[in-house]
Protein chains: 2
Amino acid sequence: MASNVVEIGAESPERTNSERAYRLLRNDIISGDLAPGLKLKIEMLRQRYGLGAAPIREALARLSSDHLVRLEGQRGCEVVAMSAADARDVGHVRKMLEIEALRDSITRGDEMWETNVITAFHRLESIERQINQGIDDLSEWERRNKAFHVALVAACNSPWLFRLRRQVFDQHERYRRLSRVKTVRTRDISQEHRDLFQAAIDRDVDRATAVMETHIQGTTDAVTAALAAREKTGE
Amino acid sequence: MASNVVEIGAESPERTNSERAYRLLRNDIISGDLAPGLKLKIEMLRQRYGLGAAPIREALARLSSDHLVRLEGQRGCEVVAMSAADARDVGHVRKMLEIEALRDSITRGDEMWETNVITAFHRLESIERQINQGIDDLSEWERRNKAFHVALVAACNSPWLFRLRRQVFDQHERYRRLSRVKTVRTRDISQEHRDLFQAAIDRDVDRATAVMETHIQGTTDAVTAALAAREKTGE
DNA sequence: GTCAATAAAAATATCGATATTTTTGGAAAA
DNA sequence: TTTTCCAAAAATATCGATATTTTTATTGAC
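Residues numbered from 1 in each chain as written. Chains lettered and ligands numbered in written order. Predicted model: local features only at pLDDT ≥ 70, side-chain atom pairs only at ≥ 80, totals over all residues. Heavy atoms only, no water.

*Asks:* Looking at this structure, how should I read the interface of chain A and chain B?
*Replies:* Interface extent is often summarised as the accessible area lost during association of the parts. Taken together, the contact between chain A and chain B spans 31 residues of the former and 31 residues of the latter. With both sides pooled, the region where chain A packs onto chain B buries about 2,900 Å², and carbon together with sulfur makes up 60% of that total. Counting across the chain A and chain B interface gives two salt bridges. Residue B:R57 pairs with A:E58 through a salt bridge whose shortest N-O separation is 2.7 Å. The interface formed by chain A and chain B holds 16 residue pairs in polar contact (both at pLDDT 80 or more) in total. Looking at the side of chain A that touches chain B, the elements with two or more residues in it are α2 (17-31), α4 (53-65), α5 (84-108) and α8 (159-180) of chain A. Here the side of chain A that touches chain B takes eight residues from α8(A), the largest share from any one element. Each residue belonging to the side of chain A that touches chain B can be placed in one class, and the counts come to 11 nonpolar, nine polar and 11 charged. (Contact = heavy atoms within 4.5 Å. Buried area = accessible area lost by both parts, 1.4 Å probe. Salt bridge = Lys/Arg side-chain N within 4 Å of Asp/Glu carboxyl O. Polar contact = N/O pair within 3.5 Å; in protein donor to acceptor, adjacent residues only side chain to side chain. Helix = DSSP H or I, 4+ residues; strand = E, 2+ residues; numbered from the N terminus. Nonpolar A, V, L, I, M, F, W, Y, C, P; charged D, E, K, R; others polar.)

In structure tokens form, the structure reads like this:
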């Protein structure tokens, strides 16, 4: 089945500037290029992306429903703030959604799903090996990490669970990226991914969800630690 | 604490036409005034609401991230379709989110929360009595039903859970309204609300979540039955 | 009659200009 | 110094016009 792959698989070509603005803004917010709390002035964004005001405003409207920007009445808009408390919350809800989606996906996943999981895992493992050797293409790692997690839950037959999981995953990614530079490598994330992969292929739901729980909690802990430290000093 | 009341409590006054368009469109889609699948032509919406094209387009952009309208490249936009399968999915995810939020809320709810729950319950009970006597103000019932459910989960300390619960609740409401006319009154919804209320006030988490589960499932069943019948004939 | 090509009509997306509102930066008063 | 008021500047929200794309209708070929 793996029907959810279709929903986001091959990205559709952008047909409008509005869609383009949406994608660009979204990426820049999640990556941290546009900092949390930053005031998003229309003129500034026009310059940045070489697009008109109308498509940018529409993109901001969409992003406000995604909870990536905060839109306020007659006084413009800003990148939503980040905090340790919110990171914990996001982590908590992500655990809930992703574990449920994973449980369902592993139960239903067919051969095609399995193939996709294997492919995604190997692509992720390969870049993680490179990174351990000093080459760091973090944004490529983010892409493959995301693809691996999507592949795992792709056979989940609840489109709503799939959709909400994605939304919260993106929020979590934002925190992961924010704290990445600061965080020391105490966890062996590669190992966690290997365990996750093995449990999924073995169709061992309990083990897979347990590993996933640890995996997400680990990220959350690292992120909140980094953020709590920052909040203490800079506020 | 009941901190989430603040987040949606007294609705902020609309400062822009864009916000106004968003609220109007949202209501008309959830209420079914704008039918599922309906093509939303800009000109038609301008006439309907007496607003310009720009604010309407921005509202549609927001609604697309809410998954209430589907926006497609160069070919406009339509109200998202409804189906029995989607109703089941929405019901399933709503159960998950609302039960979790309720568990947390009952555990943490303070005196203020309790007061708000009592108030909301009495307002709902009062309109349900009127409805049983033949007076039917369904949209007022929907408003109070929604307020009661919000009051129950208001002390949940996870803003994300609270937010996602609301989104899925609104989707479910859309189905409830669609099937309302057709559905026979086999369930005593008033009784379910009384049980829910009593369990919440008693701080009996297990009973409250069990009743909630039944409550949501009952709505889902009624809705899917009505929709499945319709899909068989009309498609 | 069906199909393909194409012209006309309709609808969408986007720009540039303008009205409105908020913010800023003093100057005057307390 | 702090506060209050006001005008100037900046930013937002929205309109009206236009370019582009899609849809519809029509015509001619097979």
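*Asks:* Is there a simple way to explain the environment of A:V223 in this structure?
*Replies:* Residue and element names in this part refer to chain A. The topology assignment puts V223 in helix α10 (residues 205-233). On the basis of relative accessible area, V223 is assigned to the buried category, the value being 2%. Taking C-alpha positions, V223 is 7.9 Å from R180, a pair spaced 43 residues apart along the chain. With near-sequence residues (within four places) excluded, V223 lies in contact with A87, Y175, R176 and S179. (Buried < 20%, exposed > 50% of the residue type's maximum accessible area, 1.4 Å probe, protein only.)

*Asks:* Sorry if this is basic, but what is going on with the environment of B:L51 here?
*Replies:* Residue and element names in this part refer to chain B. Tracing the backbone shows L51 in the loop between α3 (42-49) and α4 (53-65). For the pair L51 and A200, spaced 149 residues apart in the sequence, the C-alpha separation amounts to 44 Å. Setting aside residues no more than four positions away along its own chain, L51 makes contact with N17, A21, R46 and I56.

*Asks:* Even after reading the chapter, I still don't get helix α7 (residues 138-153) of chain B, so can you show me in this structure?
*Replies:* At 3.6 residues per turn, the α-helix brings residues three or four places apart onto the same side. With 16 residues, α7(B) ought to run about 22 Å at 1.5 Å a step, and its terminal C-alpha atoms sit 23 Å apart, in line with that. When α7(B) is considered as a whole, its buried residues turn out to be B:E140, B:W141, B:E142, B:R144, B:N145, B:F148, B:H149, B:V150, B:A151, B:L152 and B:V153. (Expected span 1.5 Å × (residues − 1).)

*Asks:* Explanation requested: the protein's contact with DNA strand C in the structure shown.
*Replies:* Inspection of the region around DNA strand C gives 15 residues, with A:N17, B:R15, B:R57, B:G73 and B:Q74 positioned closest. A share of 94% is what sugar and phosphate atoms reach among the atoms of DNA strand C within 4 Å of the protein. One of the backbone nitrogen or oxygen atoms of A:G52 is found 3.4 Å away from a phosphate oxygen of DNA strand C. In this structure, a phosphate oxygen belonging to DNA strand C sits 2.4 Å away from a side-chain N or O atom of B:R57. In terms of residue class, the surface near DNA strand C is built from three nonpolar, eight polar and four charged. (Near = heavy atom within 4 Å.)

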